Amino acid sequence: MGKVIAFCNMKGGVAKTSDTLNVGYELARRGHRVLMIDLDAQANLSTRALKSEQLSTCNAFSHDILYKIATGSIELKFRIPTVRNNLAIIPSSIAMAGLETRLALVSPEKRSVLLTKLTDALRPAYDCILLDCPPGAGIITVNIIKAADNIYVPVVLEDDSIRGLLSLKQIIQTIYP
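Residues numbered from 1 in each chain as written. Predicted model: local features only at pLDDT ≥ 70, side-chain atom pairs only at ≥ 80, totals over all residues. Heavy atoms only, no water.

## Some remarks on the nonpolar core
We apply this condition: The definition of a nonpolar core used throughout is a set of buried Ala, Val, Leu, Ile, Met, Phe, Trp, Tyr and Cys residues joined through side-chain atoms within 4.5 Å. Partly exposed describes any residue whose relative accessible area lies between the buried limit of under 20% and the exposed limit of over 50%, with all areas from a 1.4 Å probe on protein chains only and scaled to the type maximum. Working definition: helices are DSSP H or I runs of at least four residues, strands are E runs of at least two. Numbering for both runs from the N terminus.
Core analysis: the largest hydrophobic core is formed by 36 residues, its most contacted members being Leu35, Leu39, Leu66, Leu118 and Leu131. With 5 residues, helix α8 (residues 139-147) is the single largest residue contributor to this core. Counting 17 residues, the second-largest nonpolar core is a separate cluster that includes Phe7, Met36, Ala49 and Leu50.

What follows is the structure, given as structure tokens:
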């Protein structure tokens with residue numbers, strides 16, 4: 001059963017994407033079956049991991065999958081692009097930015113566990129599922145916190161980065177008092 005690990009900080013520019021990619025590559029190199037899920041609208045993990053041809057032919061982006069789970073209109077059957085041996089990715093795109101608005105119409109109980117439903121369905125196929133998180137707080141962040149077994153918080157030694165860590169801690173304590 002795969003472990004779900006999130007790289008999360010409310011502050012951008014602290015190496016969440018770089019850490020996700022580097023840990024993914026290293027685990028795959030060591031023979032572990034790894035899935036990376038890009039949950040950031042900037043889609044930097046996706047563009048770093050996949051060639052543009054792979055992205056242009058991809059039919060399953062993280063925002064589409066989560067929305068379809070929310071509306072009950074998907075069986076979890078889709079093609080996940082392979083980056084290299086033992087390493088795959090569910091990519092993101094700029095459309096991820098609109099997902100929070102689209103999910104506002106879904107009941108809070110249902111929308112807070114979308115990523116958990118997805119990762120639970122995928123755990124048997126992977127040793128490790130790595131989540132590349134967007135900066136900021138919202139529905140996606142709550143989903144990430146609920147789905148993750150472990151949360152790694154990259155920090156740069158500057159005030160904004162530390163405030164991002166403390167904000168994330170508050171959100172986690174609100175979800176898990």
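## Things to note about the packing of aromatic side chains
Definition in use: We call Phe, Tyr and Trp rings a pair once their centres come within 6.5 Å, taking the six-membered ring for Trp, and we label the pair stacked below 30 degrees between planes, edge-to-face above 60, and tilted otherwise. Here, a charge over a ring is recorded when the distance from Lys NZ or Arg CZ to the ring centre is within 6 Å and its angle to the ring normal is within 35 degrees.
One pass over the full model with this rule turns up 1 aromatic pair. Judged by centre distance (5.9 Å) and plane angle (25°), the ring pair of Phe7 and Tyr152 falls under stacked. One end of the pair, Phe7, is in strand β1 (residues 3-7); the other, Tyr152, is in strand β6 (residues 150-152), and 145 residues separate them in sequence. In this structure, Arg102 is placed above the aromatic ring of Tyr67, and the distance from its NZ or CZ to the ring centre is 3.8 Å.

## A word on the sheet that holds strand β3 (residues 82-84)
Let me state the cut-off plainly: Only strands that DSSP links by at least two bridges are regarded as paired with each other. Angles here are taken between N-to-C directions and fall from 0 to 180 degrees, while the axes themselves are lines fitted to C-alpha atoms, restricted in helices to the stretch in contact. For this analysis, residues touch if any pair of their heavy atoms sits within 4.5 Å.
Taken in spatial order, the 6 strands line up as β3-β4-β2-β5-β1-β6 in an open sheet, and their pairing is mixed. Of all the strands in the sheet, just β3 and β6 have a single pairing partner and so form its edges. Neighbour-to-neighbour, the strand axes of the sheet open up by a mean angle of 25°, direction not taken into account. As defined by bridge partners, strand β2 (residues 34-38) adjoins strand β4 (residues 87-90) across 4 bridges and the pair is classed as parallel. Along β4, the bridge assignment pairs Ile37 with Ile90. Helix α1 (residues 16-29) rests against β1, β2, β3, β4 and β5 (128-132) of the sheet, and its axis sits at about 165° to β5.

## What about the layout of surface pockets?
Convention followed: With a 1 Å grid spanning the protein atoms alone, the term cavity applies to any set of points in which a 1.4 Å probe fits but cannot get out, the term pocket to an open set with protein on both sides within 12 Å along at least five of seven lines, and the term lining residue to any residue with an atom within 4 Å of a point. Grid points are joined across faces, edges and corners, and a volume is the space filled by probe spheres set on the points. Asp, Glu, Lys and Arg are counted as charged, while Ala, Val, Leu, Ile, Met, Phe, Trp, Tyr, Cys and Pro are counted as nonpolar; the rest, among them Gly, fall into the polar class.
There is about 150 Å³ of room inside the largest pocket. Elements supplying a minimum of two residues to the lining of the largest pocket: α1 and α2 (44-49). Looking at the lining of the largest pocket element by element, the count peaks at 3 residues for α1. Across the lining of the largest pocket, the residue classes break down as 4 nonpolar, 6 polar and 3 charged.

The values are spatial; any link to function lies outside them.
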